[in-house]
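Summary of the model geometry
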Amino acid sequence: MEMLWSAAGIAPGDDLSINSEKLGRLIESLPTDDADQIQPIATALSNLLALPKTPGGVLLAAHISQGELHWGLQRAFELLAASQNLVLVFEDLHWSEPTLFGFIQSLARSSAPILVLTTIRPEGLGDRPPLAQDDGHRLARLAGLTDNEASMILVRIARADGDAKRLQPLLKAAGGNPLFLEETMRMLASTGMLAPEGSDRQPYAEIPITTSIQG
């Protein structure tokens, strides 16, 4: 939905009539006159935006099949890529439904010039179909931060003094995860546990630090 908002210039606060108007302009801009393609594309995109009708005024059915939705979305992306550089970013796939992987695999097999970027935690690959790797597909495994790199983040966020011994409890708990560091420091600052710069600061070893993102 966010990708479609971006392509159509839709703002989160727009009402349904404005959404329909902007979606209609997007569909009209697609480089095809084939009504057999335009109608299912309009139906799929309108369903995704929860519109009661397509921009052409066709009343939508209560349900659309997964295959129809995926075909309409993919064909719309392929046509958009024919006239502009197109990058589709799917983040946090470890929280996604398995059906999304099938859609992404279909996009990756398309001959259209589309760059598809996805992010997923390593543990999220276990129960989801693997994304094929060949001449057009690459998997980049990102390592955790080193203690030195993590310390640099703490210095930036908390204006910490960089003392390795003082930072060690937090660095050990984070395990190289930058999100953990950022959220933990934000939590400590919001609860007043971090003294302002220039005063005596409480050692991190004496501050309650959770051991997981969930915590």
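Summary of the structure given here. Keep in mind that what you see is a predicted model, and the values were worked out from it rather than measured. (Residues numbered from 1 in each chain as written. Predicted model: local features only at pLDDT ≥ 70, side-chain atom pairs only at ≥ 80, totals over all residues. Heavy atoms only, no water.)

Here's the deal with the nonpolar core
Counting residues in each nonpolar core, the largest one holds 28 residues, and the members touching the most others are Leu23, Leu45, Phe77 and Ile114. Contributions of two or more residues to this core are made by α1 (2-8), α2 (16-29), α3 (35-48), α4 (66-81), β1 (86-90) and α5 (98-109). The element that contributes the greatest number of residues to this core is α4, accounting for six residues. If sequence neighbours within four positions are ignored, leucine 45 has contacts with Leu4, Leu23, Ile27, Leu73 and Ala76. Membership of the second largest hydrophobic core comes to eleven residues, among which are Ile153, Leu154, Leu171 and Ile209. (Core = buried A, V, L, I, M, F, W, Y, C linked by side-chain atoms within 4.5 Å. Buried < 20%, exposed > 50% of the residue type's maximum accessible area, 1.4 Å probe, protein only. Helix = DSSP H or I, 4+ residues; strand = E, 2+ residues; numbered from the N terminus. Contact = heavy atoms within 4.5 Å.)

A word on the layout of surface pockets
If you add up the space inside the second largest pocket, you get close to 550 Å³. If you list the elements that add at least two residues to the lining of the second largest pocket, you get α1, α4, β1 and α5. It is α4 that provides the largest number of residues to the lining of the second largest pocket, a total of four residues. In terms of residue class, the lining of the second largest pocket is made up of 13 nonpolar, three polar and four charged. (1 Å grid on protein atoms, 1.4 Å probe; cavity = no way out; pocket = protein on both sides within 12 Å on 5 of 7 lines; lining within 4 Å. Points joined across faces, edges and corners; volume = space filled by probe spheres on them. Nonpolar A, V, L, I, M, F, W, Y, C, P; charged D, E, K, R; others polar.)

Concerning a nonpolar patch on the surface
A grouping of Val87, Val89, Leu115 and Leu117 is seen on the molecular surface, where their side chains present a nonpolar patch of about 320 Å² in accessible area. Elements supplying a minimum of two residues to the nonpolar patch: β1 and β2 (114-118). Note that leucine 117 resides in strand β2. (Patch = residues over 30% accessible without salt bridge, like charges linked within 9 Å, V, L, I, M, F, W, Y side chains within 5 Å. Areas by Shrake-Rupley, 256 points an atom, 1.4 Å probe, with all protein chains shown as cover. Salt bridge = Lys/Arg side-chain N within 4 Å of Asp/Glu carboxyl O.)

Considering helix α8 (residues 178-190)
With 13 residues, α8 should cover 18 Å at 1.5 Å per step; its first-to-last C-alpha distance of 18 Å lies within 8% of that length. The N-capping residue of α8, defined by a side-chain oxygen 2.9 Å from the backbone nitrogen of leucine 179, is asparagine 177. (Expected span 1.5 Å × (residues − 1). Polar contact = N/O pair within 3.5 Å; in protein donor to acceptor, adjacent residues only side chain to side chain.)

A word on empty space enclosed by the protein
By the definition in use, this model includes one cavity of 30 Å³ or more. Its boundaries defined by the atoms lining it, the largest cavity holds a volume of some 60 Å³. As for the largest cavity, its lining consists of Leu4, Ala7, Leu26, Leu30, Leu45, Leu73, Ala76, Phe77 and Leu80. Those elements giving two or more residues to the lining of the largest cavity turn out to be α1 and α4.

Concerning α3
Taking 1.5 Å per residue as the helical rise, α3 with its 14 residues ought to reach 20 Å, and the 20 Å between its terminal C-alpha atoms agrees with that figure. Burial in α3 covers these residues: Gln37, Ile41, Ala42, Ala44, Leu45 and Ser46. Packing partners of the buried residues in α3 comprise α1, α2 and α4. Its side-chain oxygen at 2.9 Å from the backbone nitrogen of aspartate 36, aspartate 34 defines the N-terminal cap of α3. Alanine 50 occupies a position one or two residues after α3 and carries a positive phi of about 60°.

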